[in-house]
Amino acid sequence: MREKSMAAMTLKPLPLESFNLAVLPKTTHNISWSPDDELAIACDDCVLIYVPDFSLLSTAENGNTRPGYDSPRQYDEAALRFPIAPLKSPELNRHLFDAVGQEFTGYTFFTGGGSGVVTGHGSTLNHTVALGWSPCGLGRMNRSVLAVLTAGGIITVYCQGASEVLGSVKVHGRTARTLRPWIPTWHVGGGFLVPTAVNHEPSDKKEYITAFSWARDTHGKFSLLSYMNDDDEIVLLSVQSKHSSKATPGHPGTWKVLEVARFPAQGPHPIVEKTDPDYAYNGSSFALSWSPWLDRGSSKTSIISYVAHNYIGFRQITIDDGGDEDEEALGVQVGRVDASGVCLYLSSDAFVVWEDKIWMRPGSNVCRGVIASPSKVQAFELPFDYTSPMSTHKTDRCGTTYPSEEDMMHSGNPITGLIVHPPSTSQDASTPAYTLVRLSATHDNPTWHQTNVPEITPHYNTTNLNWATEISQTIEHQLPRALARRQQPSPGTKQDATSFSSDELDSSDMDESTDYESEFSQAEDENPTKTKNVLGIRGLDISDQVHLNRIRIWGMTRSPGGGTSAVFTSQHSTLELERDTFAGLKCRVLFGVHPSPPLPELSTEAKAWEWMYASGPPVPGYSGPGLDDEREVLRDQFRTIAKSQLCVFCGLGLVPSGNESRCINGHVFENCANTNVPVLAPNISHTCGVCGMKCLKAEELYKIAPRLKDIIDKDISEEHCGGCGGKFSN
């Protein structure tokens with residue numbers, strides 16, 4: 001595998017291929033990339049997860065896809081699809097209380113949550129509202145877990161449970177990571193309660209959660225999950241987990257979840273009664289967002305932004321890096337008041353996106369971001385350790401009662417996706433570089449895609465955004481009105497769009513459009529004003545052109561390295577009335593590439609993705625020189641043991657050759673990436689999900705080298721490959 005990786009260094013970046021889905025989206029911001037480039041897509045009552053394919057096998061002549069490989073190149077052909085709508089028993093949280101020695105408290109059945117007229121008494125509407133990946137470290141093999149918020153006001157955290165003995169499968173001759181089983185590990189909101197930290201008063205109420213967000217990676221012993229309820233409170237949960245390699249299949253691991261802080265977040269504007277003529281609903285399911293962490297040595301500080309009534313608030317959160325790992329008081333400190341705030345008119349689903357960098361300014365550290373109202377955007381800059389709270393006042397005083405002309409201009413087409421690009425030293429750093437998309441893309445709406453990045457920069461070329469090009473071509477496609485009407489299938493017939501798969505729709509639409517356009521173009525060349533006979537239609541008026549399609553853009557996300565982006569779209573007809581069905585809409589996930597400066601602290605998986613698709617730097621041990629120099633000392637300890645191994649088939653000695661060992665009879669065995677000891681039996685090693693190399697399990701190394709137990713415990717990871725640093729697939 002290492003030789004294949006080195007040969008692949010000369011290959012050009014692979015194109016990212018779009019793929020089709022027959023699903024029914026019900027919310028915006030419904031696509032998200034994990035820190036390891038796993039792609040999650042939220043549908044009406046389920047979630048889809050795609051695992052990236054890092055194999056470097058032989059490619060086709062065009063270098064895009066492998067021979068006989070029909071699925072999208074960048075992802076395995078099988079995606080995990082699990083339902084999120086079914087109600088769960090509050091008993092599922094009992095293990096959280098047992099882990100901290102507290103008495104279990106919970107409700108015996110679900111009857112809604114919060115103070116809403118409908119949600120307070122329960123509702124059957126339980127579709128996906130929002131989803132978000134945690135930082136690495138909470139899932140098995142140091143991976144991420146996925147939190148999903150449903151319309152019932154409940155957050156459920158899903159994790160890959162302990163796998164069977166074989167944690168990977170063979171797909172087209174390669175080893176692919178299996179996705180099953182993914183299971184709910186714990187819940188919060190509704191009738192689900194979690195333990196509280198020492199000296200923190202428990203809420204003991206049924207909350208209706210409206211928004212949530214994971215804090216950035218703390219690189220410490222716990223992660224932070226924040227959520228907002230309909231009482232305008234923000235709650236912080238500390239989350240820890242441990243996973244055993246000897247756990248029974250399907251075990252979710254051991255979790256420790258504590259509520260460590262709760263504070264009000266109403267903002268400075270008084271609540272307006274619903275009977276007031278100036279009342280307007282402006283809640284947001286994406287109201288929370290975290291800035292990067294400022295490392296102070298013994299502590300770290302971040303700023304959490306929240307959306308209130310015509311107000312964006314910023315509250316400073318500090319965590320203490322010291323203390324015992326098992327200590328319940330985890331040292332989370334919340335500022336007593338907002339560090340700052342911005343008053344502006346906000347409509348439904350306003351949100352904030354932070355830049356992935358802290359800037360050094362004279363006398364202060366500064367972080368920046370972009371606010372989406374969501375009709376317009378506004379950049380901001382905020383220093384740490386600066387407090388300027390805003391006094392209570394009415395919206396008439398700050399002029400945010402009514403929308404501005406710019407807000408009114410785009411009020412019917414809100415922003416549904418915004419990414420902030422990694423900063424570049426070659427461009428003006430006065431404002432964060434961003435790209436946004438709006439909900440509706442039509443031929444007469446040029447503002448559906450906007451960016452403040454220059455047309456061509458050393459790291460970004462807006463003309464090469466494949467998803468923008470594909471959407472533009474789709475919405476600009478037009479035909480004479482008579483031909484367009486003839487092309488449209490009648491609802492309920494066997495040519496109805498709902499009766500075809502996505503691939504069939506694409507192929508049939510393409511063939512029909514090609515036939516119409518070729519014959520139409522030929523007739524137009526013969527008679528530029530009116531044609532005599534086109535597809536049996538006499539006197540066709542070619543001057544009466546109509547556009548056939550419009551696109552809805554449900555969400556946009558950026559890869560962890562910043563070099564690629566993805567948008568989730570659905571295609572609709574401009575000529576026929578449509579209806580949503582359980583068969584789903586004609587949806588597509590589109591990708592674009594905009595190479596950016598390499599970001600630090602990326603996982604091996606994220607680095608491999610950037611190298612494969614965004615011209616990123618080579619990855620040591622995968623697409624560049626390996627980590628052999630760092631492992632030479634460890635391999636020296638096992639050199640004698642490696643040479644003493646015998647072939648299990650013929651009993652002859654084995655001779656190492658690169659990453660393999662073989663006997664004179666031609667029997668070949670892969671070598672352990674950590675120790676260079678041959679792997680002589682199945683199920684005694686881990687397989688890397690990136691480079692594909694094997695690493696002997698710790699218990700097997702104990703057997704063959706018991707005197708080196710201390711070295712094994714210290715220098716060999718049970719989660720990461722010794723060749724490239726990638727995470728194991730089993």
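Calculation criteria
- Residues numbered from 1 in each chain as written.
- Predicted model: local features only at pLDDT ≥ 70, side-chain atom pairs only at ≥ 80, totals over all residues.
- Heavy atoms only, no water.
- Helix = DSSP H or I, 4+ residues; strand = E, 2+ residues; numbered from the N terminus.
- Buried < 20%, exposed > 50% of the residue type's maximum accessible area, 1.4 Å probe, protein only.
- Contact = heavy atoms within 4.5 Å.
- Areas by Shrake-Rupley, 256 points an atom, 1.4 Å probe, with all protein chains shown as cover.
- 1 Å grid on protein atoms, 1.4 Å probe; cavity = no way out; pocket = protein on both sides within 12 Å on 5 of 7 lines; lining within 4 Å.
- Points joined across faces, edges and corners; volume = space filled by probe spheres on them.
- Nonpolar A, V, L, I, M, F, W, Y, C, P; charged D, E, K, R; others polar.
- Pairing = 2+ DSSP bridges.
- Axes fitted to C-alpha atoms, helices over the stretch in contact; angles between N-to-C directions.
- Phe/Tyr/Trp six-rings, centres within 6.5 Å; stacked < 30°, edge-to-face > 60°.
- Salt bridge = Lys/Arg side-chain N within 4 Å of Asp/Glu carboxyl O.
- Patch = residues over 30% accessible without salt bridge, like charges linked within 9 Å, V, L, I, M, F, W, Y side chains within 5 Å.
- Lys, Arg positive; Asp, Glu negative; His and termini not counted.
- Charge placed at Lys NZ, Arg CZ, Asp CG, Glu CD.
- pLDDT = per-residue confidence, 0-100.
- Core = buried A, V, L, I, M, F, W, Y, C linked by side-chain atoms within 4.5 Å.
- Polar contact = N/O pair within 3.5 Å; in protein donor to acceptor, adjacent residues only side chain to side chain.

Student: Just checking my understanding: could you explain the overall build of the protein chain for this structure?
Tutor: Counting its regular elements, the protein chain contains 11 helices and 42 strands. Here the protein chain holds 730 residues, and 53% of them are scored as buried. Of the contacts made within the protein chain by residues no fewer than 6 positions apart, 64% connect residues no fewer than 24 positions apart. Carbon and sulfur atoms provide 51% of the accessible area of the protein chain, an area that totals close to 32,500 Å².

Student: Explanation requested: empty space enclosed by the protein in the structure shown.
Tutor: Remark: the empty space left among the atoms is shown by a probe the size of a water molecule rolled over them. Per the stated rule, a full pass over the model turns up 5 cavities of 30 Å³ or more. Here the second largest cavity is characterised by a volume of approximately 60 Å³. In this structure, the second largest cavity is lined by 11 residues; those nearest its centre are Pro 86, Lys 88, Asn 126, Ile 154 and Thr 156. Its residues assigned to classes, the lining of the second largest cavity shows 6 nonpolar, 4 polar and 1 charged.

Student: Looking at this structure, I do not really get the sheet that holds strand S22 (residues 351–361). What am I missing?
Tutor: In a beta sheet, neighbouring strands are held together by backbone hydrogen bonds and run either parallel or antiparallel to one another. Spatial strand order, S22-S23-S24: 3 strands in an open sheet with antiparallel pairing. Strands with a single pairing partner mark the edges of an open sheet, and in this sheet they are S22 and strand S24 (377–383). Across the sheet, the mean angle separating the axes of adjacent strands is 20 degrees when strand polarity is ignored.

Student: Sorry if this is basic, but what is going on with the sheet that holds strand S11 (residues 182–188) here?
Tutor: Spatial ordering of the open sheet is given by S6-S7-S8-S11, a layout of 4 strands whose pairing is antiparallel. Bordering the open sheet on either side are strand S6 (128–133) and S11, each of which pairs with just one other strand. Between one strand axis and the next, the sheet turns through 25 degrees on average, direction left out of account. Here strand S8 (residues 155–160) pairs with S11 via 6 bridges, running antiparallel. From the neighbouring strand, Thr 156 faces S11, where its bridge partner is His 187.

Student: What am I meant to see in the packing of aromatic side chains here?
Tutor: To describe a pair of aromatic rings, one takes the distance between the centres and the angle between the planes. Per the stated rule, a full pass over the model turns up 20 aromatic pairs. Taking the centre distance of 6.4 Å and the plane angle of 35 degrees together, the rings of Tyr 75 and Phe 591 count as tilted. A residue pair is termed long-range when its members are at least 10 positions apart, and Tyr 75 in the loop between strand S4 (46–50) and strand S5 (80–83) and Phe 591 in strand S37 (residues 585–593) qualify at 516 residues. Judged on exposure class, the residue Tyr 75 and its partner Phe 591 are both buried. Every member of this aromatic cluster is reached through a ring pair, and the members are Phe 19, Trp 33, Tyr 50, Tyr 75, Phe 591, Trp 609 and Tyr 613.

Student: Sorry if this is basic, but what is going on with the pairing of strand S36 (residues 564–573) here?
Tutor: Walk down a regular strand and you will see the side chains alternate between the two sheet faces. Burial within S36 is extensive, with 9 of its 10 residues counted as buried. Where strand S35 (residues 549–558) lies against S36, 9 bridges are found, and the strand directions are antiparallel. Bridging from a neighbouring strand, Thr 557 pairs with Ala 566 of S36. In this structure, S36 lies alongside S37, joined through 7 bridges in antiparallel fashion. Each bridged residue has a counterpart across the sheet, and for Ser 565 the counterpart in S37 is Gly 592.

Student: It is not clear to me how helix H8 (residues 604–613) should be interpreted in this structure. Could you clarify?
Tutor: Note on helix geometry: an α-helix contains 3.6 residues per turn, so any two residues three or four positions apart are oriented the same way. Most of H8 is tucked away, with 9 of its 10 residues classed as buried. Those residues of H8 that fall on the buried side of the exposure criterion are Thr 604, Glu 605, Ala 606, Ala 608, Trp 609, Glu 610, Trp 611, Met 612 and Tyr 613. As for H8, its buried residues are in contact with strand S2 (31–33), S36 and S37. Count one or two residues on from H8 and you reach Ser 615, which has phi positive near 60 degrees.

Student: Just checking my understanding: could you explain the pattern of salt bridges for this structure?
Tutor: Should their charged atoms come close, side chains of opposite charge can pair. The tally for this structure, following the rule as stated, stands at 16 salt bridges. Residue Asp 36 is joined to Lys 727 by a salt bridge in which the shortest nitrogen-to-oxygen separation is 3.1 Å. Taken together, the positions of Asp 36 in the loop between S2 and strand S3 (39–42) and Lys 727 in the segment after helix H11 (709–715) put the pair 691 residues apart, joining distant regions of the chain. We classify Lys 727 as buried; its relative accessible area is 3%. The shortest N-O distance in the salt bridge between Arg 94 and Glu 91 comes to 2.7 Å. Because the salt bridges share partners, they merge into one network encompassing Glu 207, Glu 233, Glu 259 and Arg 262.

Student: In this structure, what is going on with a negative patch on the surface? I would like to understand it.
Tutor: Judged by side-chain charge, Glu 273, Asp 276, Asp 278 and Asp 396 come together as a negatively charged surface patch. Summarising the element assignment, Asp 278 is placed in the loop between strand S15 (254–264) and strand S16 (289–290). Residue classification places Asp 278 among the partly exposed residues on the basis of a relative accessible area of 33%.

Student: How do you make sense of the confidence of the model for the protein chain when you look at a structure like this?
Tutor: A low pLDDT means the predicted coordinates there should not be read in detail. Across the protein chain, pLDDT averages 82, with 80% of residues at or above 70. Between the elements of the protein chain, mean pLDDT differs from a low of 43, seen in helix H1 (residues 2–7), to a high of 97, seen in S16.

Student: Any chance you could explain unusual backbone geometry here in plain terms?
Tutor: Most peptide bonds take the trans configuration, and most residues that are not glycine carry a negative phi. Note the cis peptide between Ser 373 and Pro 374, where omega equals 5 degrees. With phi around 55 degrees, His 219 is a residue other than glycine that occupies positive phi space. Along the chain, the position of His 219 falls in the loop between strand S12 (209–214) and strand S13 (223–229). Positive phi, normally seen in glycine, also occurs at Asn 676, with a value near 70 degrees.

Student: Any chance you could explain the nonpolar core here in plain terms?
Tutor: The biggest cluster of nonpolar side chains holds 58 residues, and the ones touching the most others in it are Leu 21, Leu 39, Ile 41, Val 589 and Tyr 622. In contact with Ile 41, other than residues within four places in its own chain, are Phe 19, Leu 21, Asn 30, Ile 31, Cys 46, Val 47, Leu 48, Tyr 50, Leu 131, Phe 568 and Val 589. Ala 265, Ile 303, Ile 304 and Phe 314 belong to the second-largest nonpolar core, a separate cluster that totals 42 residues.

Student: Looking at this model, I keep getting lost on the environment of Ser 573. Mind explaining?
Tutor: Looking at the secondary structure, you find Ser 573 in strand S36. For the pair Ser 573 and His 547, spaced 26 residues apart in sequence, the C-alpha separation works out to 9.0 Å. Within the structure, Ser 573 has its side chain in polar contact with the backbone nitrogen of Leu 575 (distance 3.0 Å). Within the structure, the side chain of Ser 573 is placed 3.3 Å from the backbone nitrogen of Glu 576, a separation counted as a polar contact.

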